[in-house]
Amino acid sequence: MGKKSNGDPNLIRKGLTRGKREELKKLVDELLQKCSYSVTSQSKDLEIYSESWTLLEKISEMEKSLERPPVKRSDTLPPFLEWMTNHDVKMGPVELVELPLYGCCVRATKQVSTDELLFSIPQKLMLSNETANSSTIGHFINNDPILSQMPNVALAFHVLNELYDPKSFWKPYLDALPSSYDTVMYFTPDEITELKGSPAFDDALRMCRNIARQYSYFYSLLQKNVDPALSNLRANFTYNDYRWAVSTVMTRQNLIPSQEEISGNDKDQLPPVNALIPLWDFCNHQDGQFSTEFQLESRRTVCQAGRDFGPGEQVFIFYGTRTCAEQFIHNGFVDINNAHDALTLKVGLSKSDPLAGQRATLLCKLRILSDEKISGPIAFQLKAGPQPVDGKLLAFLRLFCMTKDSLDRWLQSDNASNLMHEECGIETEVDDKSWSFLKARCQLLLQLYPTTKEADLKMLEEDLSSHRRMCVLLRLAEKRILLSAIECAAQRIKK
Ligand SMILES: C[S@@+](CC[C@H](N)C(=O)[O-])C[C@H]1O[C@@H](n2cnc3c(N)ncnc32)[C@H](O)[C@@H]1O
C-alpha cells in the first residue's frame, strides 16, 4: 500500500497507454476538485453539475474500451433461475419475465391468494455488508474512511468486485441485473433540468455531485494502491460501472438481521445490515403493505403475496412509505398512485421577529422543535389528498401568526397541543392569517416551476423519454399537492 505502481500489468488500469492514463488522471483530479466544492446556491450547484458532466463525458469516452458488451437480459434469466434452484430457493406459483415499462419482474403463473408464499431465499445467496467484510476486499473496506462509514457504498464496492470476477459465486445473479438504471446519474443535463422548480432538483444535483466525487476519490485511491486483492477493481473501475453499482444498491437493497443476531451469539439488538436479495429484488413496487420478512430460524427471506393476484398478473410488493420525490431520487421511478406522497414545505421563524423567542418556546412545548434556537427553516410535509395540512404544520402556522397576547396564553396553557387540532378555540383572525400565509407560500412555490399543471398534462401526451416523463410526473404530483393546499386554505378562509 502507498507504493507507486511499477508497471506490473496486474497493478495498472486495463486498456490505456501510459499517456492516456496520465490524461485520465488529470481529468479525474479535476473532477474531484470540482465536486469537493461546498455548494451555497442552486445556481452554483448547477454550474458544478454542468462542468462535471462535461468532464464525465470525456472520462467515459476514455473508459469506453472497458465497457461491458451488451447482453439480452431475457437470455440471463434461465441461468439465474437454475442457480437459484441449485441453491435451494423455493418458488411459489411465480415466474420471472421482462415487461415493457417495468423491466424484469415477477408474474403469477396461476391464481395467488393473499399471504400465499411467493418465494423464499436462503441467506447464503444474499450479498451483504457482512459478505463484503469477509470477501477478499474486506480489509480495504474496513480501512477506508468512506467505505467503513457508508454501508451502501461498501456494498456497491463489493458488487463491483464480484462483477469483475468471472468466477464469482453471484455471477448468474449479477448477469441478470439491468445494464443501466433510471437514477439521476443516468439523466442528461436536459432531462435533469426538467426538475426546475421542484425541491427534488437540488437533491438530484447533489446526488450526481456526490457520486462523481466518490468515483474520482476511489479511482485515485485504486490507482495508487498496489494491494493484489484490488487488482480487478484497479484494472476495470470506471465511472459507468460505479454509477451502475451505486444504482444497483440504491434501487434494490434491503435490510436483513446481522449474522450475530441470526446465530443468537449476541443478546443485544444489533443494527441490521444492507443486503441485495436475489429474486426478491426483481419485484416491482405497488402501494399496499409489507409482506416480506427475514425468518431467523430458517435464515431465509420469505415473501408472501400482499394481496390476491390473478393468473398472468404481475406480482408487486410494497417497498415502503416513500414520497414520489424519494422514490424518484432513491428508487428510480415515480408511482403516480402513491397514497403516501407529500411535499416538503420549509418555513421558519424570522430572527428579526421580536416574538421569535416565545414562538420557539411554544414550538418546543409542542415538540416541533427540539431546542429553542432559531436556526434555519423547519421542514414540514404537505400531504397529497384532501387533507394536505397535518397537525404539526397547522400548529406552526397558527403560532407563527399569533399576537403577543395569544402567544402568552398558549404558552401558559396545559392544552397547547390542541393547536394541532382544527377546533381549538383559537381566534378566527389568527386562523385566517395562518391560512392566508400558507396560501401565499404555496402560490409562490407554484410560481417557481417554469410550466403549469396543464402544460405538464399536455407534455405527458407526447412521446417523452422515460427520464423526462419521470420528471414531468414528479412535478405534476407536486403541483397537485400545492394546488390542493391552496384550495384547502381558500376554503378555510371563506369559513
Ligand atoms: C427492485 S428493482 C425491481 C426489478 C426491476 N424492475 C428490474 O428490472 O430488475 C426496482 C426498480 O424497478 C422499477 N420499478 C419498481 N416499481 C416500479 C413501479 N411501480 N413503476 C415503475 N417502475 C418500477 C424501477 O426501475 C426501480 O428502480
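Residues numbered from 1 in each chain as written. Predicted model: local features only at pLDDT ≥ 70, side-chain atom pairs only at ≥ 80, totals over all residues. Heavy atoms only, no water.

**Q** Can you lay out the pattern of salt bridges for me, pointing to particular residues and giving the numbers?
**A** This structure, assessed with the given rule, holds 25 salt bridges. For Glu61, the salt bridge identified is with Lys64, shortest N-O distance 3.9 Å. Via salt bridges that share partners, Glu194, Asp456, Arg468, Arg475 and Lys479 belong to a single interconnected network. (Salt bridge = Lys/Arg side-chain N within 4 Å of Asp/Glu carboxyl O.)

**Q** Give a description of the packing of helix 14 (residues 356-365) against helix 16 (residues 404-412) that names residues and reports values.
**A** Relative to each other, helix 14 and helix 16 sit at 30 degrees, their axes nearing to 10 Å. Our classification of the angle between helix 14 and helix 16 gives roughly parallel. Considering the relative orientation of helix 14 and helix 16, their crossing is left-handed. Seen from helix 14, the contacting residues are Gln358, Arg359, Thr361, Leu362 and Lys365; seen from helix 16, they are Lys404, Leu407, Asp408, Trp410, Leu411 and Gln412. Class assignment of the residues belonging to the contact of helix 14 with helix 16 gives a composition of four nonpolar, three polar and four charged. (Axes fitted to C-alpha atoms, helices over the stretch in contact; angles between N-to-C directions. Helix = DSSP H or I, 4+ residues; strand = E, 2+ residues; numbered from the N terminus. Parallel < 35°, antiparallel > 145°, perpendicular 65-115°, else oblique. Left-handed = near helix turned anticlockwise from the far one by under 90°. Contact = heavy atoms within 4.5 Å. Nonpolar A, V, L, I, M, F, W, Y, C, P; charged D, E, K, R; others polar.)

**Q** Tell me what's going on with the environment of Pro354, and back it up with residues and numbers.
**A** Of note, Pro354 is situated in the loop between strand 12 (342-347) and helix 14. Distance in space between the C-alpha atoms of Pro354 and Lys404 is 9.6 Å, their sequence separation being 50 residues.

**Q** An account of the site of the ligand is needed here, citing residue identities and associated values.
**A** Around the ligand sit 16 residues in total, of which Arg73, Tyr102, Cys104, Asn284 and Asn331 are the nearest. Within the backbone of Cys104, a nitrogen or oxygen atom sits 2.8 Å from an oxygen atom of the ligand. Contacts to the ligand include Asn284, whose side-chain N or O atom sits 2.8 Å from a nitrogen atom. Against a free-state accessible area of 570 Å², the protein chains account for coverage of 88% of the ligand. The pocket occupied by the ligand, as judged from atoms lying within 2 Å of grid points, is the largest pocket. Of all the secondary-structure elements, those providing two or more residues to the shell around the ligand are strand 3 (103-108), helix 11 (239-252) and strand 8 (284-285). When grouped by side-chain class, the residues that make up the shell around the ligand number seven nonpolar, six polar and three charged. (Near = heavy atom within 4 Å. Polar contact = N/O pair within 3.5 Å; in protein donor to acceptor, adjacent residues only side chain to side chain. Areas by Shrake-Rupley, 256 points an atom, 1.4 Å probe, with all protein chains shown as cover. 1 Å grid on protein atoms, 1.4 Å probe; cavity = no way out; pocket = protein on both sides within 12 Å on 5 of 7 lines; lining within 4 Å. Sits in = over half its atoms within 2 Å of the grid points.)

**Q** Got a sec to walk through the nonpolar core? Specific residues and values, please.
**A** With 107 residues, the main nonpolar core has Phe119, Ile192, Tyr242, Phe282 and Phe328 as its most contacted residues. It is helix 9 (residues 199-224) that contributes the most residues to this core, twelve residues altogether. Formed jointly, this core draws a minimum of three residues from each of two domains, domain 1 (73-126 + 277-331) and domain 2 (342-492). In contact with Phe328, not counting residues within four places along its chain, are Val184, Phe187, Leu195, Phe333, Val334, Met470, Cys471 and Leu474. Counting residues in hydrophobic clusters, the runner-up holds 42 residues, among them Phe380, Leu394, Leu399 and Tyr449. (Core = buried A, V, L, I, M, F, W, Y, C linked by side-chain atoms within 4.5 Å. Buried < 20%, exposed > 50% of the residue type's maximum accessible area, 1.4 Å probe, protein only. Domains from an automatic or database assignment.)

**Q** Break down the domain arrangement of the protein chain for me, with residues and values.
**A** Domain assignment breaks the protein chain into domain 1 (73-126 + 277-331) and domain 2 (342-492). On a C-alpha basis, the centres of domain 1 and domain 2 stand 38 Å from each other. Counting residues at the interface gives four residues for domain 1 and six residues for domain 2. For domain 1, the biggest contributors to the area lost against domain 2 are Thr323, Cys324 and Phe328; these three give 85% of the whole. Where domain 1 touches domain 2, the interface holds zero salt bridges. Across the contact surface, domain 1 and domain 2 share zero residue pairs in polar contact (both at pLDDT 80 or more). When its residues are assigned to classes, the side of domain 1 that touches domain 2 shows three nonpolar, one polar and no charged. (Buried area = accessible area lost by both parts, 1.4 Å probe.)

**Q** An account of the confidence of the model for the protein chain is needed here, citing residue identities and associated values.
**A** Summary statistics for the protein chain give a mean pLDDT of 93 and a share of 97% for residues scoring 70 or more. Between residues 1-7, whose pLDDT stays under 50, and residues either more than four places distant or in other chains, the model counts twelve contacts. This prediction of the complex comes with two scores: 0.93 for pTM and 1.00 for ipTM. (pLDDT = per-residue confidence, 0-100.)

**Q** Requested: an account of the packing of aromatic side chains, with residues and values cited.
**A** For the structure shown, the criterion picks out 23 aromatic pairs. Three or more aromatic residues joined by ring pairs form one cluster here, namely Phe140, Phe157, Tyr215, Tyr217, Phe218, Tyr219, Phe237, Tyr239 and Tyr242. Positioned over the ring face of Tyr37 is Lys44, at 4.7 Å from the centre of the ring. One residue, Arg68, lies across the ring of Trp244, its end atom 4.8 Å from the ring centre. (Phe/Tyr/Trp six-rings, centres within 6.5 Å; stacked < 30°, edge-to-face > 60°. Lys NZ or Arg CZ within 6 Å of the ring centre and 35° of its normal.)

**Q** Tell me about the layout of surface pockets, residues and numbers included.
**A** Of the volumes computed, that of the largest pocket is approximately 1300 Å³. For the largest pocket, the lining is made up of 37 residues, of which Leu101, Tyr102, Asp182, Gly332 and Phe333 are closest to its centre. When residues of the lining of the largest pocket are traced back to their parent elements, those giving at least two are strand 3, helix 11, strand 8 and helix 19 (466-494). Composition of the lining of the largest pocket by domain shows at least three residues from each of domain 1 (73-126 + 277-331) and domain 2 (342-492). Of the pockets and cavities examined, the second largest pocket occupies roughly 790 Å³. Taken together, 29 residues form the lining of the second largest pocket, with Ser198, Pro199, Ala200, Asp203 and Lys346 sitting closest to its centre. (Points joined across faces, edges and corners; volume = space filled by probe spheres on them.)

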